[in-house]
Amino acid sequence: QLHTLLMENNAVDIAYLLQQIEIGDCAIAFRLLSKKKAAQVFSNMDIKTQSQLVELFSEKELESLIENQYMDDLVDLIEELPANLVTRLLKHVDENQRQVINQLLSYPKDSAGTIMTTEFLSLKKETQLEDALKYIKQNGNHCKSIYTSYVCQDKKLIGIVSTKDILLNDENKSIEEILKEDFQYVYTHTDQEEVARLLSKYDLTTICVLNDQNCLIGIVTADDVLDILNEEATEDIHKM
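Summary of the structure given here. Sequence positions are assigned chain by chain, starting from 1 and proceeding in written order. Predicted model: local features are reported for residues with pLDDT of at least 70 only, side-chain atom pairs are reported and counted for 80 or more only, and whole-chain, interface and lining totals are derived from all residues. Hydrogens and water are ignored here; the side-chain numbers use all heavy atoms of the structure.

### Quick notes on the overall build of the protein
Link 1 in the chain: When you go through the protein residue by residue, the secondary structure sums to 14 helices and six strands.
Link 2 in the chain: For the protein, the C-alpha radius of gyration of 19 Å lies close to 18 Å, the compact-globule estimate for 240 residues.
Link 3 in the chain: Counting only C-alpha atoms, the protein reaches 55 × 45 × 35 Å along its principal axes.
Link 4 in the chain: Between buried and exposed lies partly exposed: a residue is buried under 20% and exposed over 50% of the maximum accessible area for its type, with that area taken using a 1.4 Å probe on protein chains only. A total of 240 residues make up the protein; the buried ones form 42% of that total.
Link 5 in the chain: Of the contacts made within the protein by residues no fewer than 6 positions apart, 62% connect residues no fewer than 24 positions apart.
Link 6 in the chain: Per-residue and other accessible areas were derived by the Shrake-Rupley procedure at a 1.4 Å probe size, with only the shown protein chains allowed to occlude residues. Of the roughly 13900 Å² of accessible surface on the protein, 48% is carried by carbon and sulfur atoms. Think of it this way: any DSSP run of H or I at least four residues long counts as a helix, any run of E at least two long counts as a strand, and we number them from the N terminus. In this treatment the radius of gyration is a C-alpha quantity, and the globule benchmark scales as 2.2 Å times the residue count to the 0.38 power. We call two residues contacting when some pair of their heavy atoms lies within 4.5 Å.

This is how it looks when you write it as structure tokens:
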């Protein structure tokens, strides 16, 4: 009955509810969730509850948690956890993931690089829309946002295309025929407040993040920017 009740609720609301009860009961309730839902709930918990749960988790549960976490959420967790728990987590991270984590941790504090996710949809300009849709269905579950795909040539970003445009156009057309070359972007060292300003100004759900060679290496989603705006506003109020 509890499983059914929890699964009917939003991950944010479940996270809030579980944080109000004893950690032992919280862990029991958490284990009743599906793997995907559990990862969403975990990412919306405060660091105190996250740390307590990680201490209680078995190695198999940690492995499942990491598999279902988006990379930016995983990096945020690693930054906040005590060293002994970070060590436990990293045992279940493969070499490629470890390289990405180290790269994200190396960016300056409050920069776009620290809040971007490296999981996004990338398409080639010659791809037909029918094949593009198949690609989105196969890979979208591992991406934080599926509303926009990014078109690259030699790792350089040349345009973007919305999933809506892919769905509504003739499936025999190529990505090149419908891509938009007018898009907003930031660099890994761009200040987070500037990222938030651009997303708000242009009414975007995501924005591209480029490195110094103008290669696409990540995206920032609007939900992460909302957190930043909240933190900045809180900081300003505290100063006043």
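Having seen the structure, we can now continue with the description.
### Some details on the environment of Glu194
Link 1 in the chain: Here Glu194 shows up in helix 13 (residues 192–201).
Link 2 in the chain: The exposure class of Glu194 is partly exposed, given its relative accessible area of 29%.
Link 3 in the chain: Through-space distance from the C-alpha of Glu194 to that of Leu81 is 28 Å; in sequence the pair is 113 residues apart.

### Examining helix 9 (residues 95–106)
Link 1 in the chain: Between its first and last C-alpha, helix 9 extends 17 Å over 12 residues, near the 16 Å set by a 1.5 Å rise per residue.
Link 2 in the chain: Two N or O atoms count as a polar contact when they lie within 3.5 Å, although within protein this holds only if one can serve as hydrogen donor and the other as acceptor, and sequence-adjacent residues are included solely when both atoms are side-chain atoms. Measuring from the backbone nitrogen of Asn96 back to the side-chain oxygen at the start of helix 9 gives 3.2 Å, which picks out Asp94 as the cap. To estimate how far a helix should reach, multiply one less than its number of residues by 1.5 Å.

### Regarding the pairing of strand 3 (residues 156–162)
Link 1 in the chain: We call two strands paired when DSSP finds no fewer than two bridges between them. The pairing of strand 2 (residues 148–153) with strand 3 spans six bridges and is antiparallel. If you follow Ser149 over to strand 3, its bridge partner there is Val161.
Link 2 in the chain: In this antiparallel pair of consecutive strands, strand 2 and strand 3, the connection spans two residues, and Asp154 shows a positive phi of 55°.

### A closer look at the sheet that holds strand 6 (residues 216–221)
Link 1 in the chain: What the three strands build is an open sheet, ordered 4-5-6; its pairing is mixed. Where the open sheet ends on each side, the last strands, each with one partner, are strand 4 (185–187) and strand 6. Pairs of neighbouring strands in the sheet enclose a mean axial angle of 35°, with direction left out of account.
Link 2 in the chain: Where strand 5 (residues 206–210) meets strand 6, five bridges bridge the pair, whose relative direction is antiparallel. Bridge pairing links Ile207 to Val220 in strand 6.
Link 3 in the chain: Axis lines are fitted to C-alpha atoms, over the contacting stretch for helices. Their N-to-C directions set the angle, which ranges from 0 to 180 degrees. Strands in contact with helix 13 are strand 4, strand 5 and strand 6; relative to strand 5, the strand with the most contacts, it is inclined by about 140°.

### A word on the nonpolar core
Link 1 in the chain: Here, the term nonpolar core denotes a set of buried Ala, Val, Leu, Ile, Met, Phe, Trp, Tyr and Cys residues that are joined through side-chain atoms within 4.5 Å. Phe30, Val41 and Val220 are the most contacted members of the largest nonpolar core, which totals 46 residues.
Link 2 in the chain: Per-element accounting of this core gives the leading share, five residues, to helix 7 (residues 71–80).
Link 3 in the chain: Not counting residues within four places of it along the chain, the set of residues in contact with Val41 comprises Ala11, Ile14, Ala15, Leu18, Phe30 and Leu33.

### Regarding unusual backbone geometry
Link 1 in the chain: One non-glycine residue, Lys155, lies in positive phi territory at about 70°.
Link 2 in the chain: Its location among the elements puts Lys155 in the loop between strand 2 and strand 3.
Link 3 in the chain: For Asp203, which is not glycine, the phi torsion reads 55° and is therefore positive.
Link 4 in the chain: Within the secondary structure, Asp203 is located in the loop between helix 13 and strand 5.

### Brief notes about the pattern of salt bridges
Link 1 in the chain: We count a salt bridge whenever a side-chain nitrogen from Lys or Arg sits within 4 Å of a carboxyl oxygen from Asp or Glu. The final tally for this structure, using the stated rule, is 10 salt bridges.
Link 2 in the chain: With a shortest N-O distance of 2.8 Å, Glu59 and Arg88 are connected by a salt bridge. With a gap of 29 residues between them, Glu59 in helix 6 (residues 59–67) and Arg88 in helix 8 (residues 83–90) connect regions that are remote in the sequence.
Link 3 in the chain: Residue classification places Glu59 among the partly exposed residues on the basis of a relative accessible area of 35%.
Link 4 in the chain: Exposure remark for Arg88: the relative accessible area of 17% places this residue in the buried category.
Link 5 in the chain: Among the ionic pairs, Lys144 bridges to Asp223, the shortest N-O distance being 4.0 Å. Here Lys144 is found in the loop between helix 10 (129–139) and strand 2, whereas its partner Asp223 is found in helix 14 (residues 222–239), with 79 residues between them in sequence.
Link 6 in the chain: Within the structure, one salt-bridge network assembled from shared partners comprises Asp72, Asp73, Lys144, Asp223 and Asp224.

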